[in-house]
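# Secondary and tertiary structure notes
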Amino acid sequence: MISLEDAREYVLAGCRVSTPSVVALRAALGLVLAEEVVATESIPPFANTAVDGFAVRSADVAAAPVTLRVIGTLAAGAAFAHPVGAGEALRIMTGAPMPNGADAAVMVELTELSADGTTVHVSRSVEPGASVRNAGEDVRPGQLVFSPGVVLSAGHLGVLASLGRLSVLVHPRPRVGVISTGDELIEGDQPLLPGQIRDSNRHTLLAMLDQSGCVGVDLGLVRDNEADITAAIERAVGQCDALVTSGGVSMGAFDYVKVVLDRIGDMRWMQVAIKPAKPLAFGTVQGVPVFGLPGNPVSSMVSYELFARPALRKMMGFAPRAWMRAPVRAVADEAFVRRLDGKVHFNRVIATLEGDGRYHVRSAGGQGSHHLTAMANASALAVLPDGVGVAVGGNVDLLLL
Ligand code: AMP
Ligand code: MG
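Source: prediction; values computed, not measured.

Thresholds, definitions, all that
Residues numbered from 1 in each chain as written. Chains lettered and ligands numbered in written order. Predicted model: local features only at pLDDT ≥ 70, side-chain atom pairs only at ≥ 80, totals over all residues. Heavy atoms only, no water. Helix = DSSP H or I, 4+ residues; strand = E, 2+ residues; numbered from the N terminus. Rg over C-alpha atoms; globule rule 2.2 N^0.38 Å. Contact = heavy atoms within 4.5 Å. Lys, Arg positive; Asp, Glu negative; His and termini not counted. Charge placed at Lys NZ, Arg CZ, Asp CG, Glu CD. Near = heavy atom within 4 Å. Polar contact = N/O pair within 3.5 Å; in protein donor to acceptor, adjacent residues only side chain to side chain. Areas by Shrake-Rupley, 256 points an atom, 1.4 Å probe, with all protein chains shown as cover. Buried < 20%, exposed > 50% of the residue type's maximum accessible area, 1.4 Å probe, protein only. Pairing = 2+ DSSP bridges. Axes fitted to C-alpha atoms, helices over the stretch in contact; angles between N-to-C directions. Parallel < 35°, antiparallel > 145°, perpendicular 65-115°, else oblique. Left-handed = near helix turned anticlockwise from the far one by under 90°. Nonpolar A, V, L, I, M, F, W, Y, C, P; charged D, E, K, R; others polar.

## Thoughts on the overall build of the protein
Of the regular secondary structure elements, the protein holds eight helices and 28 strands. Relative to a compact globule of 401 residues, whose C-alpha radius of gyration would be 21 Å, the protein shows 31 Å and is clearly more extended. Structurally, the protein occupies a C-alpha span of about 95 × 50 × 40 Å along its principal axes. Excluding contacts between residues fewer than 6 apart, the proportion of contacts in the protein whose partners are at least 24 apart in sequence is 71%. When the 33 basic and 39 acidic side-chain charges of the protein are each reduced to a single mean position, those positions are 4 Å apart.

## Regarding the site of ligand 1
As a matter of local geometry, ligand 1 sits amid 17 residues, with Glu184, Asp199, Ser200, Gly248 and Gly295 nearest to it. The side chain of Ser180 places a nitrogen or oxygen atom 3.4 Å from a nitrogen atom of ligand 1. Gly248 has a polar backbone atom sitting 3.0 Å from an oxygen atom of ligand 1. Relative to its unbound accessible surface of 480 Å², ligand 1 loses 78% to contact with the protein. Put simply, the parts of the chain that give the shell around ligand 1 at least two residues each are β13 (175-181) and β15 (197-198).

## Topic: the environment of Val139
Here Val139 shows up in the loop between β10 (132-133) and β11 (144-146). On the basis of relative accessible area, Val139 is assigned to the buried category, the value being 4%. Between the C-alpha atom of Val139 and that of Ser42, which follows or precedes it by 97 residues, the distance is 5.5 Å. Once you skip the residues sitting within four places of it in the chain, Val139 turns out to touch Ala39, Glu41, Ser42, Ile43, Val145 and Leu163.

## Notes on the sheet that holds strand β18 (residues 266-271)
Ordered in space as β16-β13-β17-β21-β20-β18, the six strands form an open sheet in which the pairing is mixed. With partners counted over all chains shown, the strands left at the sheet margins are β16 (215-222) and β18, one partner each. On average, each strand axis in the sheet is inclined to that of its neighbour by 15°, with strand direction left out of account. As defined by bridge partners, strand β17 (residues 242-246) adjoins strand β21 (residues 288-293) across four bridges and the pair is classed as parallel. Bridge assignment links Leu243 to a residue of β21, and that residue is Val290.

## A closer look at the packing of helix α4 (residues 201-211) against helix α7 (residues 297-315)
Axis separation between α4 and α7 bottoms out at 10 Å; the angle between their running directions is 30°. Taken together, the axes of α4 and α7 are roughly parallel relative to one another. The handedness of the crossing between α4 and α7 comes out as right-handed. Where α4 approaches α7, its residues Asn201, Thr204, Leu205, Met208 and Leu209 are matched on the opposing element by Pro297, Ser300, Met301, Tyr304 and Leu312. Split into classes, the residues belonging to the contact of α4 with α7 amount to seven nonpolar, three polar and no charged.

Structure below.
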């Protein structure tokens, strides 16, 4: 057996950061920026009012209460040609450009417009610059706004849009093929013949890829024979940036995935000191990373989580500290009993943030690698180092899913 850390290091070393490409803003959420975003414009582009009210000369309202002559009304999106003179005010709506002459805005709540609209009574004085948003206050032209490595959030996309950008250079979403292998597997709702089961792994893995920000490509079911598996993997690496297979990497007589990868790729078959998900095949075929995950439904998910997800995040340009989930220390609300076996166990647990500000955990159900329902209901994996487990009230590290 090799340690989780060594196995993961081997996998990560086989994956390279993807070449940046330009994508539309709408498709860029959660991706890693691959360019320096330098502002070509000011945000805001012009001085404008932060309130609905009146643009005034602050000197005119220093002795408030005062009455000023209203010279017009300005909506957001319009411009006003005439300057505001002494004793004058312009009725102005939030976002409208400040007219020349005025140096402050008075909010409508501090004013009273006359019945005929020709004068306004201002009840309080305002400082010069009050309620004015100056040009470039958020972003100045030439400013480095965002640097490569930033993970694009909704707000980042908004700033790009404010600068007139419709697309952005990012590390693109890898297209990742998913293949299930196994003679026992059938598709969908067909009746089960003796010995058959329904393929679940393809669906969980495609969903996990979506959650990781990748594009999952469903490449279907492949039978347990060398020729079919070879053809499927060769076809897959021709059209994908990475490939995830499930099944066929254990000790069974018909576990051909590892055999095929060994023959056509540069791969390593590993027995990782973890439970579940001990067997793992990883390698590259024609330069494309191939993750040969175990077939047991929980194992394939845990293996994806511990190996494929960090590797895909590396490919997507995330910083090394963001490849793995940071462990969170929690309190065991029940005992987690295990025995010494040289492996780190990843138990499926439900974690809840309690009033003491800490996560508390209890088992999510059956801990067999076929107990997919417990995995489905789990919100975290509890990391149980080799040993005899954790007593009630003890500390346990979690990977929050
Ligand atoms: P294997 O890794 O191929 O030896 O499979 C281990 C176990 O996982 C066996 O009980 C398989 O029937 C089961 N299994 C393999 N692939 C799938 C799949 N795609 N969906 C559900 N169960 C699977
Ligand atoms: Mg199999």
